[in-house]
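What follows is the residue order along each chain.
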Amino acid sequence: MGKLTVTKVAEKVMPYYFRLAWLNLRRNGRRSMLSVMIIAIAVFALTSAGGFGLYTYQSLQESTARDVGHITLSVPDYFEKDEEMPLSNGLKDSHIVIRKLINNEAVRTVQPRIYFTGLVSNGNKSAIFTGTGVNDREFSLKGPFLSMRGGKTLSDITSSRYNPIEPEVMLGVDLAKNMNVGIGDWITLLATTSEGALNAYDFKVHGLYSTGVPELDKRQLYIHIQSAQELLLSDKVSTLSVFLNDTDRTKAMMPVIDSQINEMTLNQATELTPWQDRAFFYNNVKNLYDLIFGMMGLVMGLVVFVSLFNTMTMSVTERTREIGTLSALGSYRNEIVGGFLREAGLLAVIGSMTGALLSAALSLFLMLVEVNMPPPPGYSEGYPLHIYFSPELVLSATGCVLAICLFAAYFSARKGVNKPITEALSYV
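None of these values were measured; they are calculated from a predicted model.

## A word on the packing of aromatic side chains
Reasoning step 1: Inspection of the entire model under this criterion finds eight aromatic pairs.
Reasoning step 2: When the centroid spacing of 5.6 Å and the interplanar angle of 80° are considered together, the rings of Phe116 and Phe129 count as edge-to-face. Within this pair, whereas Phe116 is found in strand β2 (residues 107-121), its partner Phe129 is found in strand β3 (residues 126-134), the two being separated by 13 residues in sequence. A single burial state applies to Phe116 and to Phe129, both of which are buried.
Reasoning step 3: Between Tyr201 and Phe203, the aromatic rings sit 6.5 Å apart at their centres with planes inclined by 45°, giving tilted as the arrangement.
Reasoning step 4: Residue class for Tyr201 comes out partly exposed when judged on its relative accessible area of 31%.
Reasoning step 5: Residue classification places Phe203 among the buried residues on the basis of a relative accessible area of 1%.
Reasoning step 6: An aromatic cluster is defined as three or more aromatic residues linked by ring pairs; in this entry it consists of Phe52, Tyr57 and Tyr289.

## With respect to the packing of helix α4 (residues 94-101) against helix α9 (residues 250-263)
Reasoning step 1: Interaxial distance between α4 and α9 falls to 10 Å at its minimum, and their mutual angle equals 130°. What the angle tells us is that α4 and α9 run oblique. With respect to the hand of their crossing, α4 and α9 are arranged in right-handed fashion. For the pair α4 and α9, contact is made by Val97, Lys100 and Leu101 and by Ile257, Gln260, Ile261 and Glu263, respectively.
Reasoning step 2: Here the residues of the contact of α4 with α9 sort into four nonpolar, one polar and two charged.

## Some points on the packing of helix α12 (residues 333-368) against helix α13 (residues 391-417)
Reasoning step 1: Interaxial distance between α12 and α13 falls to 8 Å at its minimum, and their mutual angle equals 150°. Considering their axes alone, α12 and α13 lie roughly antiparallel with respect to each other. Along this stretch, α12 crosses α13, giving a crossing that reads as right-handed. Judged by residue contacts, Arg333, Ile336, Val337, Phe340, Leu341, Ala344, Gly345, Ala348, Ser352 and Ala356 of α12 engage Val394, Thr398, Val401, Leu402, Cys405, Leu406, Ala409, Tyr410, Ala413 and Val417 from α13.
Reasoning step 2: Taken together, the residues that form the contact of α12 with α13 break down as 16 nonpolar, three polar and one charged.

## Describing the state of the cysteines
Reasoning step 1: In the structure shown here, the tally under the stated rule is zero disulfides.
Reasoning step 2: Cys400 takes part in no disulfide bond, and the closest cysteine sulfur, belonging to Cys405, lies 11 Å away.
Reasoning step 3: Taking relative accessible area as the criterion, Cys400 reaches 49% and is therefore assigned partly exposed.

## Structural notes on the pattern of salt bridges
Reasoning step 1: On inspection of all chains with the given rule, the structure shows six salt bridges.
Reasoning step 2: Linking Glu62 and Arg66 is a salt bridge whose minimum nitrogen-to-oxygen distance equals 3.9 Å. Taken together, the residues span about one helical turn, with Glu62 and Arg66 both in helix α3 (residues 29-68) at a distance of four residues.
Reasoning step 3: Take Arg66: its relative accessible area is 25%, and that puts it in the partly exposed class.
Reasoning step 4: A salt bridge links Glu138 to Arg113; the shortest N-O distance between them is 2.2 Å. Placement of Glu138 in helix α5 (residues 138-142) and of Arg113 in strand β2 is noted, with a sequence separation of 25 residues between them.
Reasoning step 5: Judged by relative accessible area, which is 4%, Arg113 ranks as buried.

## Details of helix α11 (residues 320-328)
Reasoning step 1: The complete set of buried residues in α11 reads Thr320, Ile323 and Gly324. Buried residues in α11, looked at end-on, bunch into an arc of 100°, giving them a common side.
Reasoning step 2: Backbone geometry just after α11 places Gly330 at a positive phi near 105°.

## Observations concerning α3
Turn by turn, an α-helix covers 3.6 residues, leaving residues three or four places apart pointing in a common direction.
Reasoning step 1: Taking 1.5 Å per residue as the helical rise, α3 with its 40 residues ought to reach 58 Å, and the 57 Å between its terminal C-alpha atoms agrees with that figure.
Reasoning step 2: A positive backbone phi angle near 90° is found at Gly69, which sits one or two residues after α3.

## With respect to a nonpolar patch on the surface
Reasoning step 1: There is a patch of nonpolar side chains on the surface, built from Leu364, Phe365, Met367, Leu368 and Val369 and spanning about 530 Å² of accessible area.
Reasoning step 2: Residue classification places Phe365 among the partly exposed positions, given a relative accessible area of 44%.

Reading guide: rules and limits
- Residues numbered from 1 in each chain as written.
- Predicted model: local features only at pLDDT ≥ 70, side-chain atom pairs only at ≥ 80, totals over all residues.
- Heavy atoms only, no water.
- Phe/Tyr/Trp six-rings, centres within 6.5 Å; stacked < 30°, edge-to-face > 60°.
- Helix = DSSP H or I, 4+ residues; strand = E, 2+ residues; numbered from the N terminus.
- Buried < 20%, exposed > 50% of the residue type's maximum accessible area, 1.4 Å probe, protein only.
- Axes fitted to C-alpha atoms, helices over the stretch in contact; angles between N-to-C directions.
- Parallel < 35°, antiparallel > 145°, perpendicular 65-115°, else oblique.
- Left-handed = near helix turned anticlockwise from the far one by under 90°.
- Contact = heavy atoms within 4.5 Å.
- Nonpolar A, V, L, I, M, F, W, Y, C, P; charged D, E, K, R; others polar.
- Disulfide = S-S within 2.5 Å.
- Salt bridge = Lys/Arg side-chain N within 4 Å of Asp/Glu carboxyl O.
- Arc of directions from axis to C-beta.
- Expected span 1.5 Å × (residues − 1).
- Patch = residues over 30% accessible without salt bridge, like charges linked within 9 Å, V, L, I, M, F, W, Y side chains within 5 Å.
- Areas by Shrake-Rupley, 256 points an atom, 1.4 Å probe, with all protein chains shown as cover.

None of the figures reported here should be taken as evidence of function without further support.
Okay, here's the thing in structure tokens:
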């Protein structure tokens, strides 16, 4: 009894016509192997680059959604118009809106925010700052997109550990460095109130953080939203950020939240803004990557086409007498062309499977071994490199490669079968 091998098992399992195509490919194994390698490299490059793009898109999407919220409630045209006075375009009765929306099962939380600017001083030196008044839970929502460099995040004001006579502030790491202050030091914030007067409060440095963007770290700080309202002498908030349990439900939740807002009797109109409309960096990066990956796919497709066209042309030329014999025995032209198409299809499938396995292996490797990318332009910190393995992306790449291979095979085989039988039989 003969020894079974993978090749023999494959030959027995394959249907008859594909078995013939497989045997024809094995007649010139070196050329077939080269074609499979080229297809595998093309699919590997496309799926790996696409997987990196998917990882980048999802990371930027989550970063933006965690920063600004999935849906932002504000007064109409809040992001297009400048405020004459702090909180002059703020929201009133925010606590009523929060109580209403928080009961929705799709809503994770609703966070009020106050945006303001002013001067920060250590007693000897002053600098301009951009401040944000937030709740303590704000920082648990940011997750890995806010890196603590010292101290802690803002305390819960309802906790017994919070001392109201020592209001807390979190400083960007570069702002703290410029002001020459550290954890436990005191600074003074000076800002214009909602009435146009100047007001100042002393704050104790509770934590230092980094956003990864040097320009933000030089100017940004966080304080409790109650402290911001006391500093600005107003009970309004700038915006309400609605955080959902699932980012993909943002579009579906827009009309739901809008209807809930309309059911309430508020003293002012409100506007809903999805995170995509505020994700300028995400949209620009996505458009750039789409163009890069599109050009890369076009180049890879051209390489595969030229390779397969060359392989099939040489195969047709070498088998011209075989084509003439098959024609003399009564085989139709479409049957002969079909044989070459099946050979090209097998090359495409085998090469695509090999490329997909390589892409999956690379994705698994990057999950087990930490590889960091250098900081992007405008950032001070790098980020871990990951490549998502997407079955949909593999199927799309396989479909494109299969179509290219079949087209190349048909274009090559058509010339061979169109030769007269006598000329094909006498071909040397």
